[in-house]
Amino acid sequence: MAEKVPTAPLIAEHRDWLVCHDCGALQEVEPLLEDQQLVCANCDHVLHFGRGPWLDTTTALAVAALILFIGANAFIFFTLQLGSVLQPATILSGVGALIDREEWILAALVLVTIFLLPMFEVFALLYLLLPYRFNLRLPGQIHVLRWLTRVQHWIMQDVFLLGVLVTTVKLGDSATVHLGPGMPLFFLLVAVLQAGYWFMDKQNLWNWLYANNYFSRHPKETLYDCDVCKAMVAESIVQESGKCPRCSARINTRIPDSLQKTSALILAAIVLYIPANIYPIMHYSELAVNYDSTILSGVIDLAANDLWLVAIVVFVASIIVPILKLAMLIFLVWSIHTRMTGATRLRFWMYRATKFIGRWSMVDVYVVTLLTAVVQFGLIGQVEPGAALLPFAAVVVLTMLAAETFDPRLIWDNAAENAPAERERTLAQLNTINLTRE
């Protein structure tokens, strides 16, 4: 019977290193001034901001966000007046309208992205920052900070705000729109939450919750990064558990089956994009005459009514962005399959662009949702969601997931294999570097 080899003891300590999750380069962290930022020496990705005395600012913003969140959801957003008939709208009016029409998936998507996740963000900031001021550790704070980091891309209040602006401008051409107190409170809420998360020094919080950020079993091992808490975890630990010892997030040397997952999601998005553009995205009636509006015809109607700015916004967000994102994702997957070595930084910029722009296509979903909630005047005028709304929302979600499953480090793997000898980098071999502590 073979003897079991004893497992080496775990080395857990703090080191002033950071691994860039986007390209895999490991580099030493230099002390930062208040107005400085740490940039990856390989791909120029911002690794860390110098935020200075951030705690007072972020805590005040978190408290303000709680007050604004309550006010923005409690008060009327705007009221649509047609003759003597008034139709008020709140943030959740669209969700209620979708539920009434048994559009459960769309209602859940809107509810999660504009209400539940923002509410979680508000309470998460308070749960982390207030105890931090008094050095009081509470149960589950590590998990709260982990999920707060994970869901940021899916909090779409800023996109909903753009949808509100498009809706009010569009309605203002045929009815009177009275802005309620909820509207300016929501404007402020979006700004405060964005600023609060940006100003919060997340690395400082992680160091307070769990000071160790380096985990290995041998002095010299290949290191991989946790994209949530930025811990450096040795290959042996990744193979053992696949989880970060610091925050319990899953760590992969590379995203498993990244290209297959991304390709499948792209294909599904392409298939759904066809009915999303062929079928009407909404039905509306005026004086008992029914009309169907597709995404493109809606843009044409806005332009015909001289609402050129709104038409351009909707055209870019609903037509250009999905096509552009699909094209860039297809090119990125193809470039990895063909082991392309050139245009590395261009491809990496394309990857970042796909991560940023995809969520803004949700603006059309929010516009139709709001119109369905407020334009209910019987024979005079009425709006109902069309058959294209669900597939279009699915395209947005699928392309966002495709960008999440694509592993950008694959771009740099090919570049590293074919890099010229004179190429200057802080660390030349990306994400497969053996380091010995001096």
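Residues numbered from 1 in each chain as written. Predicted model: local features only at pLDDT ≥ 70, side-chain atom pairs only at ≥ 80, totals over all residues. Heavy atoms only, no water.

Student: Mind showing me how you'd approach the packing of helix α13 (residues 363-374) against helix α14 (residues 389-405) here?
Tutor: Two quantities define a packed helix pair, namely the angle between the helix axes and the distance between the axes. Orientation of α13 relative to α14, taken along the N-to-C sense of each, is 150 degrees, at an axis distance of 9 Å. Along this stretch, α13 crosses α14, giving a crossing that reads as left-handed. Contacts between α13 and α14 involve Asp364, Val365 and Val368 from the first element and Leu389, Phe392 and Ala393 from the second. Split by residue class, the contact of α13 with α14 holds five nonpolar, no polar and one charged. (Axes fitted to C-alpha atoms, helices over the stretch in contact; angles between N-to-C directions. Helix = DSSP H or I, 4+ residues; strand = E, 2+ residues; numbered from the N terminus. Left-handed = near helix turned anticlockwise from the far one by under 90°. Contact = heavy atoms within 4.5 Å. Nonpolar A, V, L, I, M, F, W, Y, C, P; charged D, E, K, R; others polar.)

Student: Help me out: how do you make sense of a nonpolar patch on the surface in this one?
Tutor: Judged by side-chain polarity, Leu296, Ile300, Trp308, Ile312, Phe315, Val316, Ile320 and Leu324 come together as a nonpolar surface patch covering roughly 730 Å² of accessible area. Put simply, the parts of the chain that give the nonpolar patch at least two residues each are α10 (295-304) and α11 (308-337). Among the secondary structure elements, Ile300 is positioned in helix α10. (Patch = residues over 30% accessible without salt bridge, like charges linked within 9 Å, V, L, I, M, F, W, Y side chains within 5 Å. Areas by Shrake-Rupley, 256 points an atom, 1.4 Å probe, with all protein chains shown as cover. Salt bridge = Lys/Arg side-chain N within 4 Å of Asp/Glu carboxyl O.)

Student: What's the story with the packing of helix α1 (residues 54-74) against helix α3 (residues 104-133) in this structure? I'm lost.
Tutor: Across the interface, α1 lies against α3 with an axial gap of 9 Å and an inter-helix angle of 145 degrees. Judged by the twist between their axes, the crossing of α1 over α3 is left-handed. Residues Trp54, Leu55, Asp56, Thr58, Thr59, Ala62, Val63, Ala65, Leu66, Phe69 and Asn73 of α1 form the contact with α3, whose participating residues are Phe115, Pro118, Met119, Val122, Phe123, Leu125, Leu126, Leu129, Leu130, Tyr132 and Arg133. Here the residues of the contact of α1 with α3 are counted per class, giving 17 nonpolar, three polar and two charged.

Student: For this particular structure, what's the right way to read the pairing of strand β7 (residues 85-89)?
Tutor: Walk down a regular strand and you will see the side chains alternate between the two sheet faces. Examined bridge by bridge, strand β6 (residues 78-82) and β7 share five bridges and lie antiparallel to one another. Looking at β7, one finds that Gln81 is bridged to Leu86. In this antiparallel pair of consecutive strands, β6 and β7, the connection spans two residues, and Gly83 shows a positive phi of 70 degrees. (Pairing = 2+ DSSP bridges.)

Student: Is there a simple way to explain the nonpolar core in this structure?
Tutor: Across soluble globular proteins, nonpolar side chains have a tendency to be buried as a group. Counting 125 residues, the largest nonpolar core has Phe160, Phe186, Met200, Cys226 and Cys247 as its most contacted members. Ranked by the residues each element gives to this core, the list is headed by α3, at 14 residues. Counting five residues, the second-largest nonpolar core is a separate cluster that includes Val19, Leu223, Met232 and Ala234. (Core = buried A, V, L, I, M, F, W, Y, C linked by side-chain atoms within 4.5 Å. Buried < 20%, exposed > 50% of the residue type's maximum accessible area, 1.4 Å probe, protein only.)

Student: How should I be thinking about the sheet that holds β7 in this particular structure?
Tutor: The strands making up a sheet are joined through hydrogen bonds of the backbone, oriented either antiparallel or parallel. Strand order in the open sheet formed by three strands is β7-β6-β8, with antiparallel pairing between adjacent strands. This sheet does not close on itself; its edge strands, each paired only once, are β7 and β8 (176-179). Each strand of the sheet is rotated relative to its neighbour by a mean of 20 degrees, with strand direction disregarded. Packing of helix α5 (residues 157-171) onto the sheet brings it into contact with β6 and β8, and relative to β6 it is tilted by some 20 degrees.

Student: It is not clear to me how the packing of aromatic side chains should be interpreted in this structure. Could you clarify?
Tutor: Geometrically, a pair of aromatic rings is defined through the distance of the ring centres and the angle of the planes. With the rule as written, the count across this model stands at twelve aromatic pairs. Here Tyr132 and Trp208 contribute two aromatic rings whose centre-to-centre distance is 4.9 Å and whose plane-to-plane angle is 85 degrees, an arrangement assigned as edge-to-face. Taken as a pair, Tyr132 in helix α3 and Trp208 in helix α7 (residues 202-209) lie far apart in primary sequence, 76 residues in all. Here Tyr132 matches Trp208 in class, with each residue buried. Seen from their ring centres, Trp198 and Phe199 are 5.1 Å apart, and the 85 degrees between their planes marks the pair as edge-to-face. On the basis of relative accessible area, Trp198 is assigned to the partly exposed category, the value being 41%. Owing to a relative accessible area of 32%, Phe199 belongs among the partly exposed residues under this scheme. An aromatic cluster is defined as three or more aromatic residues linked by ring pairs; in this entry it consists of Phe77, Phe160, Phe186 and Tyr366. (Phe/Tyr/Trp six-rings, centres within 6.5 Å; stacked < 30°, edge-to-face > 60°.)

Student: Which parts of the structure should I look at to understand the pairing of strand β10 (residues 221-225)?
Tutor: Of all five residues making up β10, five are buried, and the element is well covered by its neighbours. Sheet topology note: the β10/strand β11 (residues 232-234) ladder contains three bridges and is antiparallel. Residue pairing for β11: Tyr224 is matched across the bridge by Val233. Linking β10 to β11, which pair antiparallel, is a turn of six residues; within it Lys230 sits at a positive phi near 70 degrees.

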